[in-house]
Amino acid sequence: MVYNAAFSFKINHKILSKLVTIGSFDGQHSSLACATVGGKVFIHTPGGFRRNGSEGISAGESSSDTNVLNINQTIKCITAGKFDPSSDRDYLFVGTQTHLQVYDVYNNADVLFHQVKAKLCLAQVSQ
């Protein structure tokens, strides 16, 4: 069976091995989130993000399909999953050696920033 690419794009960042996840940060469209060197998270949403009034970010027309979050620490794990059981949206979970950060991509806001005593090396979210 031969697979054809649905889309392609150039990433101008070096992506760290095994630190990639896919999430539905607006509850409707899939986004690719990758940890990069320099403590950053690269988020690609085909079609881009746009502000929809006070309702936050939604996928749609935009001049850019990418957002970059600056974590400022070496990223050890990254995943996307539900944080609020009443919401359809995914949240971004980013682990460093000293902190776990939960980020609401839709509202562009930190939800949780928690210091951990042991080094994080894996993050898993389940219901």
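A quick note: this is a predicted structure, and the numbers were derived from the prediction, not measured.

1. Regarding the overall build of the protein chain
Here comes step 1: Per the secondary structure count, the protein chain includes zero helices and 10 strands.
Here comes step 2: In the protein chain, the succession of helices and strands from N to C terminus is β-β-β-β-β-β-β-β-β-β.
Here comes step 3: The 127 residues of the protein chain split such that 39% are buried.

2. What about the pattern of salt bridges?
Here comes step 1: Across all of its chains, the model carries two salt bridges by this definition.
Here comes step 2: Here Lys-82 makes a salt bridge to Asp-90, at a shortest N to O gap of 3.1 Å.
Here comes step 3: The shortest N-O distance in the salt bridge between Asp-104 and Arg-89 comes to 2.8 Å. Of this pair, Asp-104 sits in strand S9 (residues 99-104) while Arg-89 sits in the loop between strand S7 (75-81) and strand S8 (91-96), placing them 15 residues apart in sequence.
Here comes step 4: A residue is classified by how much of its surface remains accessible, and Asp-104, at 5% relative accessible area, is buried.

3. Details of the environment of Ser-17
Here comes step 1: Mapped onto the elements of the fold, Ser-17 is located in strand S1 (residues 15-23).
Here comes step 2: The spatial distance from the C-alpha of Ser-17 to the C-alpha of Thr-36 is 9.1 Å, given a sequence separation of 19 residues.

4. Details of the nonpolar core
Here comes step 1: By size, the foremost hydrophobic cluster in this structure holds 15 residues, and its most contacted members are Val-41, Ile-43 and Leu-92.
Here comes step 2: Looking at this core, the element that brings in the most residues is S7, giving three residues.
Here comes step 3: Apart from residues no more than four positions distant in its own chain, Leu-92 is found in contact with Thr-21, Phe-25, Ala-33, Val-41, Ile-43, Leu-69, Ile-78, Thr-79, Gln-101, Val-102, Tyr-103 and Val-105.

5. Remarks on the sheet that holds strand S3 (residues 40-44)
Here comes step 1: Across the sheet, four strands lie side by side as S1-S2-S3-S6; this open sheet has antiparallel pairing. Of all the strands in the sheet, just S1 and strand S6 (66-70) have a single pairing partner and so form its edges. Between one strand axis and the next, the sheet turns through 20 degrees on average, direction left out of account.
Here comes step 2: Inspection of the sheet shows S3 paired to S6 by five bridges, in the antiparallel sense. Across the sheet, the residue bridging to Val-41 is Leu-69, located in S6.

6. As for the pairing of strand S10 (residues 109-115)
Here comes step 1: Taken together, the six bridges between S9 and S10 define a ladder with antiparallel strand orientation. For Tyr-103, the partnering residue across the bridge sits in S10 and is Asp-110.
Here comes step 2: Turn length for the S9-S10 hairpin, with the two strands adjacent in sequence and antiparallel, is four residues, and the turn residue Asn-108 shows positive phi of about 55 degrees.

7. Some words on the packing of aromatic side chains
Here comes step 1: What the rule picks out here adds up to two aromatic pairs.
Here comes step 2: Three or more aromatic residues joined by ring pairs make a cluster, and in this case those are Phe-83, Tyr-91 and Phe-93.

8. Comments concerning the confidence of the model for the protein chain
Here comes step 1: On average, the protein chain scores 81 in pLDDT, and the residues at 70 or more come to 79%.
Here comes step 2: For the protein chain, per-element mean pLDDT is lowest for strand S5 (residues 57-59), which scores 45, and highest for strand S2 (residues 31-36), which scores 94.
Here comes step 3: Scored below 50 in pLDDT, residues 53-63 shows 34 contacts in the model against residues more than four places distant or in partner chains.

9. Describing a nonpolar patch on the surface
Here comes step 1: On the surface, a cluster of nonpolar side chains totalling about 220 Å² of accessible area is made up of Phe-83, Val-111 and Leu-112.
Here comes step 2: For Leu-112, the location among the structural elements is in strand S10.

Parameters and conventions
- Residues numbered from 1 in each chain as written.
- Predicted model: local features only at pLDDT ≥ 70, side-chain atom pairs only at ≥ 80, totals over all residues.
- Heavy atoms only, no water.
- Helix = DSSP H or I, 4+ residues; strand = E, 2+ residues; numbered from the N terminus.
- Buried < 20%, exposed > 50% of the residue type's maximum accessible area, 1.4 Å probe, protein only.
- Salt bridge = Lys/Arg side-chain N within 4 Å of Asp/Glu carboxyl O.
- Core = buried A, V, L, I, M, F, W, Y, C linked by side-chain atoms within 4.5 Å.
- Contact = heavy atoms within 4.5 Å.
- Pairing = 2+ DSSP bridges.
- Axes fitted to C-alpha atoms, helices over the stretch in contact; angles between N-to-C directions.
- Phe/Tyr/Trp six-rings, centres within 6.5 Å; stacked < 30°, edge-to-face > 60°.
- pLDDT = per-residue confidence, 0-100.
- Patch = residues over 30% accessible without salt bridge, like charges linked within 9 Å, V, L, I, M, F, W, Y side chains within 5 Å.
- Areas by Shrake-Rupley, 256 points an atom, 1.4 Å probe, with all protein chains shown as cover.

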